[in-house]
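Given next are the chains, with one letter for each unit.
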Amino acid sequence: MTGVPASAAGGPSGARGTAPASEAPGATAADVARASVRDSGAGEETTAVQPGAGPREGARAVRGGKIGAAAVDQASVWNVANLLTMLRLLLVPGFVALMLGNGGHDPAWRSFAWAAFAVAMITDLFDGHLARTYDLVTDFGKIADPIADKAIMGAALICLSALGDLPWWVTAVILGRELGITLLRFLVIRYGVIPASRGGKLKTLTQGVAVGMYVLVLTGWLASLRFWVMAAAVVLTVVTGLDYVRQAIVLRRRGIAERRAALEEARG
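Colleague: Is there a simple way to explain the overall build of the protein in this structure?
Modeller: Check the secondary structure of the protein and you find nine helices and three strands. The helix and strand sequence of the protein, counted from the amino end, reads β-α-β-β-α-α-α-α-α-α-α-α. Buried residues in the protein amount to 41% of all 268 residues. Accessible area for the protein stands at about 14,500 Å²; split by element, carbon and sulfur atoms hold 67% of it.

Colleague: Any chance you could explain a nonpolar patch on the surface here in plain terms?
Modeller: Residues Val77, Trp78, Leu83 and Phe140 make up a contiguous nonpolar surface patch of roughly 410 Å² in combined accessible area. Within the secondary structure, Val77 sits in the loop between helix H3 (69-74) and helix H4 (80-100).

Colleague: Help me out: how do you make sense of the pattern of salt bridges in this one?
Modeller: Using the criterion set out here, one finds seven salt bridges in the structure. Of the charged contacts, one joins Asp124 and Arg88 as a salt bridge, the two residues approaching to 3.7 Å between their closest N and O atoms. Taken together, the residues Asp124 in helix H5 (residues 107-133) and Arg88 in helix H4 connect sequence positions 36 residues apart. Since its relative accessible area comes to 0%, Arg88 is described here as buried. Put simply, Arg88, Asp124, Asp145 and Asp149 are held in one network by salt bridges that share partners.

Colleague: Even after reading the chapter, I still don't get the side chain of Asp106, so can you show me in this structure?
Modeller: Within the element layout of this structure, Asp106 appears in the loop between H4 and H5. No salt bridge is formed by the buried Asp106; the nearest opposite charge belongs to Arg110, separated by 9.0 Å.

Colleague: Just to check I follow, could you spell out H4 for this structure?
Modeller: At 3.6 residues per turn, the α-helix brings residues three or four places apart onto the same side. Here H4 spans 31 Å end to end across 21 residues, near enough to the 30 Å set by a 1.5 Å rise per residue. For H4, the complete set of buried residues consists of Ala81, Asn82, Thr85, Met86, Arg88, Leu91, Val92, Phe95 and Met99. Residues of H4 that are buried sit in contact with H5, helix H6 (139-162) and helix H8 (198-215). For H4, the capping residue at the N-terminal end is Asn79, with a side-chain oxygen 3.0 Å from the backbone nitrogen of Ala81. With its phi angle positive at about 55 degrees, Asn102 sits one or two positions after the end of H4.

Colleague: In this structure, what is going on with unusual backbone geometry? I would like to understand it.
Modeller: Peptide bonds are, in most cases, trans, and in most cases residues other than glycine have a negative phi. Residues other than glycine seldom take positive phi values, yet Asn102 does so here, at roughly 55 degrees. Summarising the element assignment, Asn102 is placed in the loop between H4 and H5.

Colleague: Help me out: how do you make sense of the packing of aromatic side chains in this one?
Modeller: Each pair of aromatic rings is reported with the distance of its centres and the angle of its planes. Per the counting criterion, the structure on display carries two aromatic pairs. On the basis of an interplanar angle of 40 degrees and a centroid distance of 5.9 Å, the ring pair of Phe95 and Phe117 is categorised as tilted. Taken together, the residues Phe95 in helix H4 and Phe117 in helix H5 connect sequence positions 22 residues apart. Each member of the pair, Phe95 as well as Phe117, carries the same accessibility label: buried. Centre to centre, the rings of Phe227 and Trp228 are 5.1 Å apart; their planes meet at 80 degrees, and the pair counts as edge-to-face. Under the relative-accessibility criterion, Trp228 is labelled exposed at 59%. For Arg185, the ring lying beneath its charged end belongs to Tyr244, and the centroid distance is 5.0 Å.

Colleague: I would appreciate a short explanation of the nonpolar core in the present structure.
Modeller: Where a protein is soluble and globular, its nonpolar side chains tend to be buried together. Counting 31 residues, the largest nonpolar core has Phe95, Met99, Phe117, Val211 and Met230 as its most contacted members. At the level of elements, H4, H5, H6, helix H7 (168-188), H8 and helix H9 (221-267) are the ones that each hand at least two residues to this core. Among the elements that line this core, the one with the most residues is H6, at seven residues.

Rules used throughout
Residues numbered from 1 in each chain as written. Predicted model: local features only at pLDDT ≥ 70, side-chain atom pairs only at ≥ 80, totals over all residues. Heavy atoms only, no water. Helix = DSSP H or I, 4+ residues; strand = E, 2+ residues; numbered from the N terminus. Buried < 20%, exposed > 50% of the residue type's maximum accessible area, 1.4 Å probe, protein only. Areas by Shrake-Rupley, 256 points an atom, 1.4 Å probe, with all protein chains shown as cover. Patch = residues over 30% accessible without salt bridge, like charges linked within 9 Å, V, L, I, M, F, W, Y side chains within 5 Å. Salt bridge = Lys/Arg side-chain N within 4 Å of Asp/Glu carboxyl O. Lys, Arg positive; Asp, Glu negative; His and termini not counted. Expected span 1.5 Å × (residues − 1). Contact = heavy atoms within 4.5 Å. Polar contact = N/O pair within 3.5 Å; in protein donor to acceptor, adjacent residues only side chain to side chain. Phe/Tyr/Trp six-rings, centres within 6.5 Å; stacked < 30°, edge-to-face > 60°. Lys NZ or Arg CZ within 6 Å of the ring centre and 35° of its normal. Core = buried A, V, L, I, M, F, W, Y, C linked by side-chain atoms within 4.5 Å.

All quantities given are derived from atomic positions and should not be read as evidence of function.
Below you can see the structure in the form of structure tokens.
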């Protein structure tokens, strides 16, 4: 993109003494407005835009290709990505009703519940991709998307354990990891964003397949297969969770070191 970091000469604006774009000779009001765009993930990196750049180009931050606050302001809450997220949230009570219908062990009701769960998982794959690709990221989406993900997965796991189809310790491990990592992301967001890893994406896929197989009333070799798929999901859940904790510790230490260096440079 055409945006370049305003902090390229010495770190984030304001942290290492870099002059803001508003002080540049001949800067126009539009240039100043565009120069105030900040990366929505890091919260500290400023992106200045060359004169003549388009509004969408100016809305992109350099780090990790993240979409900046300007794009967030331009995108409507009622966009297709957010509508898919809302649909996933609305599917949660319907899924629970289908799971528990007719005693909770009726194959027909469980098949309908599986269909609702599958739709929720599919929309989870598309809404984030659409938001990033077409600059549809909004504050609502940032909050609602992870809530929708955890809600449908949590509802499925709790229902399965309540019906006696899945041990409670499995539900506790998966939900504990998901909630813990979400909290950890918020705790270290001042230092940066922990990116989703390939292992994390594989974990999400394996969890979805395993839970989906448990939602269906399976017998024979398929019932044995779902046990091993769930076992793989639990292992990936624990391993990737520990990796995220490691990343958070490294990110925090690096952020603290950079801030100390910036303070020392400013004092010097």
